[in-house]
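Structural overview
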Amino acid sequence: MADKNSFLLRIITPDRVFYENQAQMVEFNTTEGEIGVLPGHVPLTVLVKPGILDITEDGGDKVAALHAGFAEILPDRVTILAEIIEWPEEIDEGRAEAAKERAEERLRTKTPETDVMRAETALQRAMARIQVLR
């Protein structure tokens, strides 16, 4: 039930409704920096950058690795349309470590043909996965 101390948080991916519940706060990275959203936030639309998503709800805190998308923030609800988002139990730590190493190697040994932005994004995604597990 909504009250002045919470808002509806919906996180949707192309495959599923990842999360839908009342929250007291949500924090995540945007292209403009980290943002924390509380009930009554001014309306805002932001682009999501890879990182950790922190949800504060009645039952405690939840974390997930959020990779890309955009968010619509309104005073009584937040909707995040995510390309990929994962709970810690959905992450394969070995794959995340391998992806981190590959991205770091690409950036270390870059050539004129290296897509630096793609490598940096891959590194950010891998780091988000690893941080959520720890």
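Remember, predicted model here, so these are calculated numbers, not experimental data. (Residues numbered from 1 in each chain as written. Predicted model: local features only at pLDDT ≥ 70, side-chain atom pairs only at ≥ 80, totals over all residues. Heavy atoms only, no water.)

1. A word on the overall build of the protein chain
Scanning the protein chain from N- to C-terminus turns up two helices and eight strands. Reading the protein chain from its N end, one meets helices and strands in the order β-β-β-β-β-β-β-β-α-α. For the protein chain, the spread of C-alpha atoms along the principal axes amounts to about 55 × 30 × 25 Å. Taking all 134 residues of the protein chain together, 36% fall into the buried category. A separation threshold of at least 6 residues defines the contact pool for the protein chain, and within that pool the share at least 24 residues apart is 52%. (Helix = DSSP H or I, 4+ residues; strand = E, 2+ residues; numbered from the N terminus. Buried < 20%, exposed > 50% of the residue type's maximum accessible area, 1.4 Å probe, protein only. Contact = heavy atoms within 4.5 Å.)

2. Structural notes on the packing of helix 1 (residues 93-108) against helix 2 (residues 116-133)
It is the contact of helix 1 with helix 2, at a shortest axis distance of 8 Å, that shows an interaxial angle of 150°. Taken together, the axes of helix 1 and helix 2 lie roughly antiparallel to each other. Of the two elements, helix 1 crosses helix 2, and the hand of that crossing is left-handed. Contact residues: helix 1 offers Glu93, Ala96, Glu97, Ala99, Lys100, Ala103, Glu104, Arg106 and Leu107, while helix 2 offers Val116, Ala119, Glu120, Ala122, Leu123, Ala126, Met127, Arg129, Ile130 and Leu133. Classifying every residue of the contact of helix 1 with helix 2 gives 12 nonpolar, no polar and seven charged. (Axes fitted to C-alpha atoms, helices over the stretch in contact; angles between N-to-C directions. Parallel < 35°, antiparallel > 145°, perpendicular 65-115°, else oblique. Left-handed = near helix turned anticlockwise from the far one by under 90°. Nonpolar A, V, L, I, M, F, W, Y, C, P; charged D, E, K, R; others polar.)

3. Here we look at the nonpolar core
Judged by nonpolar contacts, the single largest core of 23 residues is most densely connected at Leu9, Ile11, Phe28, Leu53, Ile55 and Ile80. When residues of this core are traced back to their parent elements, those giving at least two are strand 1 (7-12), strand 2 (17-23), strand 3 (25-30), strand 4 (33-37), strand 5 (44-48), strand 6 (51-57), strand 7 (60-74) and strand 8 (77-86). Each residue touching Phe28, except ones within four places of it in the same chain, is listed here: Gly33, Glu34, Ile35, Val37, Val46, Val48, Ile52, Leu53, Leu66, Ala71, Ile73 and Ile80. (Core = buried A, V, L, I, M, F, W, Y, C linked by side-chain atoms within 4.5 Å.)

4. Observations regarding the pattern of salt bridges
All chains considered together, the criterion is met by 10 salt bridges. Residue Glu83 pairs with Arg125 through a salt bridge whose shortest N-O separation is 3.9 Å. Of this pair, Glu83 sits in strand 8 while Arg125 sits in helix 2, and the two are 42 residues apart along the sequence. Overall, Arg125 belongs to the partly exposed group, its relative accessible area being 22%. (Salt bridge = Lys/Arg side-chain N within 4 Å of Asp/Glu carboxyl O.)

5. A few points about a positive patch on the surface
Together, Arg95, Arg102, Arg106 and Arg118 line one region of the surface with positive charge. Among the elements that make up the positive patch, the one with the highest residue count is helix 1 (three residues). Note that Arg95 resides in helix 1. For Arg95, a relative accessible area of 63% corresponds to the exposed category. (Patch = residues over 30% accessible without salt bridge, like charges linked within 9 Å, V, L, I, M, F, W, Y side chains within 5 Å. Areas by Shrake-Rupley, 256 points an atom, 1.4 Å probe, with all protein chains shown as cover. Lys, Arg positive; Asp, Glu negative; His and termini not counted. Charge placed at Lys NZ, Arg CZ, Asp CG, Glu CD.)

6. Here we look at the confidence of the model for the protein chain
Summarising the model, the protein chain shows a mean pLDDT of 91, and 98% of its residues fall at 70 or more. Looking across the protein chain, the model is least confident in helix 2, with a mean pLDDT of 85, and most confident in strand 1, with 98. (pLDDT = per-residue confidence, 0-100.)

7. Here we look at the environment of Ile12
Looking at the secondary structure, you find Ile12 in strand 1. Spatially, the C-alpha atom of Ile12 lies 5.0 Å from that of Leu81, the residues being 69 residues apart in sequence. Not counting chain neighbours up to four residues away, the residues in contact with Ile12 comprise Phe18, Thr79, Ile80, Leu81 and Ala82.

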